[in-house]
Amino acid sequence: SGRPVSQDAELIAGMIRGESGAFADLYQMYRSRLHHYALSLIRSRMEAEDVVHDVFIGLAKQASGGRMPRALSAYLYVSVRNRCVDRLRRQPALPLDDMDLDLIVAPPGDEERLELRHVLNRAHLALPDEQAEVVVLRTWHQLEFAAIAAMQRTSVNTALSRYQYGLTKLRKEIDIDGR
């Protein structure tokens, strides 16, 4: 479940009125989640930063033209996904160093969580992209399956089964690692 739509709606109205504070608030609200999502797709911190930056610039341009998407959260996630997919067409995702993909943020000094994070990151990289994406969006971003299905241009059932297969595979991978 995302944040209340009314909060997004107020910020959108503020952006259309040209209030710089509204844009800053919106950016703060979504930036880290969108960066995290972009990183899970393109696996490069710099590229992920660029994508999120581009998406917000695009949103600001729309606002200044008096046009804004109705469903803001969905629009932002889809925009990030489309830009990542475009970049991946031009340059396939890099093989990932474990350290690079912090899908689970462990508190500093929490050895067990840190260890688990590395195991999960490695396991996550073993999943097919579509499955990995559903698992990330559902587990870390709490997106509804209907929203994920729309993003992947597939049925809710397909999104659900990708999630189930992905989780089953993750469990196997983690067991293989002796956990």
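For the structure, check the block above.
A quick note: this is a predicted structure, and the numbers were derived from the prediction, not measured.

### Digging into the packing of helix α2 (residues 20-42) against helix α3 (residues 45-64)
Line of reasoning, step 1. Close contact between α2 and α3 brings their axes to 8 Å; oriented N to C, the two are set at 140 degrees. By the angle between their axes, α2 is oblique relative to α3. As α2 runs across α3, the sense of the crossing is right-handed. Residues Phe23, Leu26, Tyr27, Tyr30, Arg31, Leu34, His35, Ala38, Leu39 and Ile42 of α2 pack against Arg45, Glu47, Ala48, Glu49, Val51, Val52, Phe56, Leu59 and Ala60 of α3.
Line of reasoning, step 2. Here the contact of α2 with α3 is composed, by residue class, of 14 nonpolar, one polar and four charged.

### Regarding the environment of alanine 147
Line of reasoning, step 1. Checked against the element boundaries, alanine 147 lands in helix α7 (residues 145-151).
Line of reasoning, step 2. The spacing of alanine 147 and leucine 137 is ten residues in sequence and 9.5 Å in space, taken between C-alpha atoms.

### A short note on unusual backbone geometry
Line of reasoning, step 1. Phi is positive for arginine 153, close to 50 degrees, though the residue is something other than glycine.
Line of reasoning, step 2. Take arginine 153: it is sitting in the loop between α7 and α8 (156-176).
Line of reasoning, step 3. Given the relative accessible area of 68%, arginine 153 is considered exposed.

What counts as what
- Residues numbered from 1 in each chain as written.
- Predicted model: local features only at pLDDT ≥ 70, side-chain atom pairs only at ≥ 80, totals over all residues.
- Heavy atoms only, no water.
- Axes fitted to C-alpha atoms, helices over the stretch in contact; angles between N-to-C directions.
- Helix = DSSP H or I, 4+ residues; strand = E, 2+ residues; numbered from the N terminus.
- Parallel < 35°, antiparallel > 145°, perpendicular 65-115°, else oblique.
- Left-handed = near helix turned anticlockwise from the far one by under 90°.
- Contact = heavy atoms within 4.5 Å.
- Nonpolar A, V, L, I, M, F, W, Y, C, P; charged D, E, K, R; others polar.
- Buried < 20%, exposed > 50% of the residue type's maximum accessible area, 1.4 Å probe, protein only.

Shape descriptors only; they carry no functional weight alone.
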